[in-house]
Amino acid sequence: MVAHAEIRVVHRGGSKINFREPVITNDSRFLLCASGESVKVYSSSSEECVHDLQGHTDLVSGIVRNPSNHLQVYSCSADGTVRLWDFTDGILIKTFIIGYPIYSIYVSENHGGVVFVVVPMANDKSSELFQLVAVHLPRSGDQEVEARELSAVLCDVSPSGAVSFGREGEYIAAAKGLQLEVFFFKKQKSYRFFLKSGNKKGAKNAFTCVSCHPKEDCIATGHEDGKIRLWRNFNQKKEYTYSTLHWHHGAVNTLQFTPEGTNLLSGGIESVLVQWRYTQENQKDFLPRLGGAITHIAVSPDGSLFCTSHSDNKITIIQSCVKVSAIIQGLVKGEGVRTDLMIDPRSKALVLNGKPGHLQFYSLPRDKLLYNLDIVQQEYIHEEGLDQFEVVKAAFDTRGDWLATVEERTQKGSELEINLKLWAYNEQTQSFVLNTTVTAPHEDQITAMCFSPSPETTMLVTISFDGHFKAWLLGASWSCDFVGGYHLLKPGCCCFSADGSLLAVGFQEVVTVWSPSWELLTTLSQPPGAIRDLCFGRLSCSKYLLGTSTKNQLCCWNLLTCSLEWSTPVDVSLLQADPLSENMAAFCSQSGCSDLFVFKPGESRPLYSQRALCTGKVQHAVFAPRDQMLESCEEHAQWLNRSQLYFLTQHMIHGFLSSVAVTPFYLLLGKHRQQQQQEALTNPMAERIQLPQGSIAIKELLYTPAHVLPSASFLCSMFVRSLLISSSAARKYSQDVDKVINNDF
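The written sequence of each chain sets the order in which its residues are numbered from 1. The model is predicted, so local features are restricted to residues of pLDDT at least 70 and side-chain atom pairs to those at 80 or more, both for listing and for counting; the totals for chains, interfaces and linings are taken over all residues. The side-chain figures draw on all heavy atoms in the structure; neither hydrogens nor water molecules are used.

- As named in an unreviewed UniProt entry, the protein chain is WD repeat domain 75, taken from Salmo trutta.
- UniProt positions are given in the numbering used here, feature names are shortened, and annotations may be inferred rather than shown by experiment. Looking at the Subcellular location (unreviewed entry) heading of the UniProt record, one finds this comment for the protein chain: "Nucleus, Nucleolus".

See below:
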């Protein structure tokens, strides 16, 4: 007997790398950033990810260098732990269990053995009040240590971390709302300074960020109206002063002093890095056109390297504010993904909306952007309320020779502008080149389009709210071959069969089926509700056509009998067909969550189902063909053999992982572990079968950096000794094996 393997939803990439301030190492060779539930270690020269530090079980919310070891960093997470890493070898050294969700982390060289973290005032993720606490890290040889000694430092702070240490760690400053608070460690006293919400000129005084001068008693604060204030004499409430700097026209998102304090760096929505001279504030340098709005600034300890995080999920590495030396681009998530989630048949890259007016080609195995394709080919102007062209639809043909895109622009008081573009793949440039532009291909919004998979012709079908669908055929050039409609109804979706011999178009509550010669073959009806999505069956299920409706119905028609085969009441937000098998995936919405059902149209029992897959509706998903087919003997996991299913949520791209099948030997070891855990709970002093030498040997082999490992002969002898067990343990092991075999075979 083999127990069922578990299928788990796993993070596949696309996390934010601009969520928190990145960290540059002392030698400036590496850059570390929080990325979902892991910490990414990038080479500052090659831009490649050299390590992915995994261990946290929730969102990583901060990274800081270890002041006492330049090869180590601390990371914190909403999972309630602080972890210490050796980032050069990618090894987890120690886990400190705090027990509260952590939202940011800070350290100071003058506070050894202590980290400062922001946690909720109440032990609840939904809490809206946060405090800064000092955590004393206990010294222990264990890998997991409880750090429960917490001391409150500041109350009511910002969770995103507008906090900075002052000169030699003597004080710490925190800004939130209209209040600046400074806490002096020696005095154990804090001073609060308040600003008015605004003035007659419409200034917005709310604090946005804070940075303390490393050598002098000066605190720089950024504000919503674009001003920067330099505070002095704040060790007494009556005689404090501040001077004002102003260049930014929008909010100051981030401030950072250089290590020697000679310059102050600032950034905001203008995508310009501003460098202010500390003693000569009128003199400033600019590094413009950095892309998206600047959200964070980091400086290397020697001041030779800067980096800026941007709103378009990008990190720019800059050499001393002179020139850009490298760009690390993550998955761009704009205001919304208007196109479908697609797979480029050639590069196998994931394709979707990127920065405004572009499509991004993203490699999931490398978790890296390959390139952006400029679709609109117009300069994007960052101004609120300005109507600009947006890419709303895209589709590849089967071979990846052609890409079709649709861009729209709606201007106040004018008609909708639509462009249909056809892009041909260029072997020399290894990218797509614009071949044809069709201005106003329809009189109203294009709702869907798809290429015919037939190898005989290259054809694109577009459908529109103007009541028509059009077939565009490639001959000497692209031209409109046919215009169709049905009783003045508006079409909402379309789909080709796997061989291209049939085209299904949904006209509100009616499904029409057309031949390649544009003859209307049949119409199919279904329970009330407009057709929202259509999908043909594949391979042995090619006789089926499936559709979803706005009245929460999933319907399956038999095309041989032209009748409804079955229907079920379910709210399907997305229906996807695997191009390499008969399998279909239906994402269903229920109670604010999404459920997944994988099934074959001709079978009543689903192959796989998972409730509460994620929160919210899944609107974008795609089956990606595998390079090599898996050989899974598990029936409920075979749907993953040929293709992988990816779906997009607000934070990242997810996929599915099938664990290794569980054998009787694995079960036997599992039973031993359960018995040992039960014995430990009932009798802590009970003698355990597992020998301590084994764990020491394993830890030496797996957790020690290679360059400091002892000799192989020493490790080998220790490892072999750890495998030897006592005669009584051997007898019990033999009895358990017999028991498992007798019960399971």
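Here the narrative resumes, following the displayed structure.
### As for the overall build of the protein chain
- Only DSSP runs of H or I reaching four residues or more are called helices, and only runs of E reaching two or more are called strands; each is numbered from the N terminus. Secondary structure assignment for the protein chain yields four helices and 57 strands.
- Categorising residues by exposure relies on relative accessible area from a 1.4 Å probe, with only protein chains included: less than 20% of the type maximum marks a residue as buried, more than 50% marks it as exposed, and the intermediate range marks it as partly exposed. Sorting the 745 residues of the protein chain into buried and exposed places 50% on the buried side.
- Per-residue accessibility takes into account occlusion by the displayed protein chains alone, with areas from the Shrake-Rupley method and a 1.4 Å probe. Total accessible area on the protein chain stands at roughly 35,900 Å², and carbon and sulfur atoms take up 50% of it.

### Side note on the UniProt feature "repeat: WD" (unreviewed entry) in the protein chain
- The sites that carry the UniProt feature "repeat: WD" (unreviewed entry) are, in the present numbering, residues 53-95, 200-231 and 245-276.
- For residues 245-276, helix accounts for 0% and strand for 56%, while the C-alpha atoms at its two ends are 9 Å apart.

### Points about the sheet that holds strand S42 (residues 478-484)
- For two strands to be treated as a pair, DSSP must find at least two bridges joining them. With antiparallel pairing, four strands are arranged side by side in an open sheet as S39-S40-S41-S42. Pairing within the sheet leaves two strands with one partner each, and these edge strands are strand S39 (446-451) and S42. Geometrically, the sheet is characterised by an average inter-axis angle of 20° between neighbouring strands, direction not taken into account. Fitting a line to C-alpha atoms yields each axis, with helices limited to the stretch in contact; the angle taken between N-to-C directions then spans 0 to 180 degrees.

### Observations regarding the confidence of the model for the protein chain
- Confidence along the protein chain averages 86 in pLDDT terms, with 85% of residues attaining 70 or more.
- Confidence of the prediction at every residue is given by pLDDT, a number between 0 and 100. Mean pLDDT per element in the protein chain: helix H1 (residues 664-682) is the minimum at 48, and strand S40 (residues 459-464) is the maximum at 97.
- In what follows, a contact means two residues having at least one pair of non-hydrogen atoms within 4.5 Å. A low-confidence stretch, residues 740-745 stays under pLDDT 50, and its non-local contacts, those more than four residues away or across chains, total seven contacts.

### Brief notes about the packing of aromatic side chains
- By convention, a stacked pair of Phe, Tyr or Trp rings (six-membered ring in the case of Trp) has centres within 6.5 Å and planes under 30 degrees apart, an edge-to-face pair has planes over 60 apart, and any other such pair is tilted. Taken as a whole and assessed by the stated rule, the structure comprises 37 aromatic pairs.
- Their ring planes at 45° and their centres at 5.9 Å tell us that Phe 193 and Trp 231 sit as a pair that is tilted. Placement of the pair is Phe 193 in strand S18 (residues 189-194) and Trp 231 in strand S21 (residues 227-232), with a sequence separation of 38 residues.
- Assessed through its relative accessible area of 0%, Trp 231 is described here as buried.
- Taken together, a centroid distance of 5.5 Å and an interplanar angle of 70° make the contact between Trp 639 and Phe 656 edge-to-face. With Trp 639 in the loop between strand S55 (621-625) and strand S56 (643-648) and Phe 656 in strand S57 (residues 653-658), the pair connects residues that are 17 residues apart, well separated along the chain. Each member of the pair, Trp 639 as well as Phe 656, is classed as buried.
- Members of the aromatic cluster, joined through ring pairs, are Phe 469, Phe 482, Tyr 486, Phe 507, Trp 514 and Trp 518.
- One cation-aromatic arrangement involves Arg 20 over Phe 19; the distance from NZ or CZ to the ring centre is 4.3 Å. Definition used: whenever NZ (Lys) or CZ (Arg) falls within 6 Å of the ring centre and also within 35 degrees of the ring normal, the charge is taken to sit over that ring.

### Brief notes about the side chain of Ser 61
- Relative to the helices and strands, Ser 61 is located in strand S6 (residues 60-65).
- Under the relative-accessibility criterion, Ser 61 is labelled buried at 4%.
- Filtering out sequence-adjacent residues up to four positions away, Ser 61 remains in contact with Phe 19, Arg 20, Cys 76, Ser 77, Ala 78, Ile 102, Tyr 103 and Ser 104.

### Quick word on the pattern of salt bridges
- Criterion for a salt bridge: a side-chain nitrogen of Lys or Arg within 4 Å of a carboxyl oxygen of Asp or Glu. Counted by the stated rule, this structure contains 20 salt bridges.
- One salt bridge connects Arg 532 with Asp 571, and the closest N-O pair in it is separated by 3.1 Å. With Arg 532 in strand S47 (residues 531-536) and Asp 571 in the loop between strand S50 (563-569) and strand S51 (572-577), the pair connects residues that are 39 residues apart, well separated along the chain.
- A relative accessible area of 31% means that Arg 532 is categorised as partly exposed.
- Given the relative accessible area of 17%, Asp 571 is considered buried.
- Across the salt bridge formed by Arg 611 and Asp 595, the nearest N and O atoms sit 3.3 Å from each other.

### Re the environment of Lys 490
- Along the chain, the position of Lys 490 falls in the loop between S42 and strand S43 (491-496).
- In this structure the C-alpha to C-alpha distance between Lys 490 and Ser 464, which are 26 residues apart in sequence, comes to 7.2 Å.
- The contacts of Lys 490, once residues within four sequence positions are left out, are Phe 465, Gly 467, Gly 506, Phe 507 and Gln 508.

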